[in-house]
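Okay, here's what each chain looks like letter by letter:
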Amino acid sequence: MWDPLWLTLRVTAAATLIVGVTGIGFGYLLARARFPGRALLDVLASAPIVMPPTVLGYYLLVVLGRRSPIGRAWEAVFGSPLVFTWQGAVVAASVASFPFCLRAARAAIESVDRRYEAVGQVMGLPGWRVAAQITLPLARRGLLAGVALGFARALGDFGTTVMVAGNIPGRTQTMPIAVYDAVQAFDYDRAGTLAFVLLGIAVTVLLLVRRLERSNS
Amino acid sequence: MLEVDVTHRIGEFDLRAEFAADRGITVLFGPSGAGKSLTLRLIAGIDRPLTGSIRLNGETLVDTSTGEWASPRERRVGMVFQDSLLLPHRTVLQNVALAVRDGTRDDRRRSAGRWLDEVEAGEWADRRPHQLSGGQAQRVALARALAGEPRALLLDEPFNSLDQTVRRRLRLLVRDIVQRRQLPTLFVTHDPGEATELADDLLLAAPGRVGGDAGDRDGIAALARLLSDD
């Protein structure tokens, strides 16, 4: 009963960490940097939002599968394939939730008054310190909201995960998949319990974020 | 000595700024939209001029004909804007310490404390910016600008949002500090009273045009008469 819960917490925590770091990093680049290929990056990064999760999962399977260069490289280094493992579930949840965090982070950073950054420049702070000590702290509420959004999306991912990691009880069966499985087996008690716990986690985290935002203001 | 001879363009707006400012306070006086703030940004290195050069004490900050460019850090100028732009997530002391260039964390904090004392803001060191009045916040912003031990001060309508009593007190403070530190200082304002009270030198600005010949005390007096007549 509790296997899916621990697995889901592990996958979601890892995905949130990955998505938080990359989402804020790329959000900063898109908001503040000018470089060739920026428009392409912008479109590609948001593509997962408009794709059906199963289609996204299918492409990930193609790119990460055992016969793909990335899949083979992973297997050579770690000794086991990436697809149909919990690590594969982390990749699936990360890619699916990345654009949500990215878009929120980008909007938060774009809304920072650039004169604060000018003050930092004139003080003589190097670019990375302006970003780390001025821009990002000023955008922190929006960034936190972005990470929370990424977390929520990763927690609930079904289609992408099931394509990339499959539905292996005890190994890759996360809670949303376990709920589906239970319903398929007419085990409504199990489905109801799992669904309620999942809902509880989501609501708890959103309440925590709300409290954090309040204490920051 | 600060020597400026640049042009710049933003969209449809063309700016030509040409002047030299010596030690003491040079007031840039003129209507909003003349390009006074932009001129300060070009001097600080926030924006790059289209053509021309800027020199500070003989050192080239930017020269588009030779491609020379000093980063804002290398320029070492202090700047205060119309808003204090203090970082809300840091205390007053931490805000100023961020601008201190060298030393350990403790050194920087001690140094920040001294700068706060210099502008008579030492007692608010542990406050957050939102706990300060407008005038207090501008004092702290001034301390922050000084904390980088600048070679020139750029003040962009720093007291505009303050009431007259506070403004007068802060003008005296600025005058005092500039005299003590012998800093070339550009002070942007469109308030004729402020201009006449502060100016060692007066530069006039018209839309798209900053500088020309700097006036002397007579010029300022003539200007004041002109302004008080209407």
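Figured I'd write up the structure that's included with this text. Just so it is clear, the structure is predicted and the values come from calculations on it, not from any experiment. (Residues numbered from 1 in each chain as written. Chains lettered and ligands numbered in written order. Predicted model: local features only at pLDDT ≥ 70, side-chain atom pairs only at ≥ 80, totals over all residues.)

**Comments concerning the overall build of chain B**
Here is the rule we go by: The secondary structure listing takes helices from DSSP runs of H or I that are at least 4 residues long and strands from runs of E that are at least 2 residues long, numbered from the N terminus. We compute the radius of gyration from the C-alpha atoms alone; for a globule the expected value is 2.2 Å times N to the 0.38, where N is the number of residues. Three exposure classes are used, all based on how many other C-beta atoms lie within 10 Å of a residue's own C-beta (placed from the backbone): buried at 20 or more, exposed at 12 or fewer, and partly exposed between those limits.
Looking only at helices and strands, chain B features eight helices and eleven strands. Relative to the compact-globule value of 17 Å for 230 residues, chain B shows a C-alpha radius of gyration of 18 Å, a close match. Projected onto the principal axes, the alpha-carbon positions of chain B cover approximately 45 × 45 × 35 Å. Across the 230 residues of chain B, 43% fall into the buried class.

**Description of the pairing of strand β3 (residues 24-29) of chain B**
Residues and elements named next belong to chain B. Note the threshold: At least two DSSP bridges between two strands are required for those strands to pair.
Within β3, five of the six residues are buried, which leaves the element mostly enclosed by the surrounding structure. With six bridges joining them, β3 and strand β9 (residues 184-189) adopt parallel strand pairing. Its bridge partner lying in β9, isoleucine 25 is registered against threonine 185. In this structure, β3 lies alongside strand β10 (residues 201-206), joined through four bridges in parallel fashion. The partner of phenylalanine 29 across the bridge, within β10, is leucine 204.

**Brief notes about unusual backbone geometry**
The backbone of phenylalanine 186 of chain A sits at a positive phi, close to 60 degrees, despite the residue not being glycine. Counting through the fold element by element, phenylalanine 186 of chain A comes out in the loop between α10 (175-184) and α11 (188-216). Backbone geometry places glutamate 120 of chain B, a non-glycine residue, at a positive phi of 55 degrees. Note that glutamate 120 of chain B resides in the loop between α4 (105-118) and α5 (134-147). Of the residues examined, glutamate 120 of chain B has 13 C-beta atoms within 10 Å and is grouped as partly exposed.

**Quick notes on the interface of chain A and chain B**
For clarity, the cut-off: Once C-beta atoms have been placed from the backbone, residue pairs whose C-beta atoms lie within 7 Å are recorded as contacts. Side-chain classes follow a simple rule in which Ala, Val, Leu, Ile, Met, Phe, Trp, Tyr, Cys and Pro form the nonpolar group, Asp, Glu, Lys and Arg form the charged group, and the remainder, Gly included, forms the polar group.
Chain A puts eleven residues into the contact, and the matching count from chain B is 14 residues. In terms of residue class, the side of chain A that touches chain B is made up of seven nonpolar, three polar and one charged.

**Here we look at the packing of helix α1 (residues 3-32) of chain A against helix α5 (residues 86-110) of chain A**
Residue and element names in this part refer to chain A. To be explicit about the condition: Axis lines are fitted through C-alpha atoms, for helices just across the contact stretch, and the angle between N-to-C directions can take any value from 0 to 180 degrees. Definitions for this section: a left-handed crossing has its near helix turned counterclockwise from the far helix by less than a right angle. A right-handed crossing has that turn clockwise.
At a minimum axis separation of 6 Å, α1 and α5 run at an interaxial angle of 35 degrees. The crossing of α1 and α5 is right-handed. In the contact of α1 with α5, the residues fall into 20 nonpolar, seven polar and four charged.

**Here's the deal with the packing of α4 of chain B against α5 of chain B**
Residues and elements named next belong to chain B. Definition in use: Note that the term roughly parallel is reserved for angles under 35 degrees, roughly antiparallel for angles over 145, roughly perpendicular for angles of 65 to 115, and oblique for everything else.
Put simply, α4 and α5 touch, their axes get as near as 9 Å, and they point 130 degrees apart. Regarding the angle of α4 to α5, the classification is oblique. For the pair α4 and α5, the sense of crossing is right-handed. Counted together, Ser111, Ala112, Trp115, Leu116 and Glu118 of α4 and Ala143, Leu146 and Ala147 of α5 form the full contact between these two elements. Classifying every residue of the contact of α4 with α5 by side-chain character gives six nonpolar, one polar and one charged.

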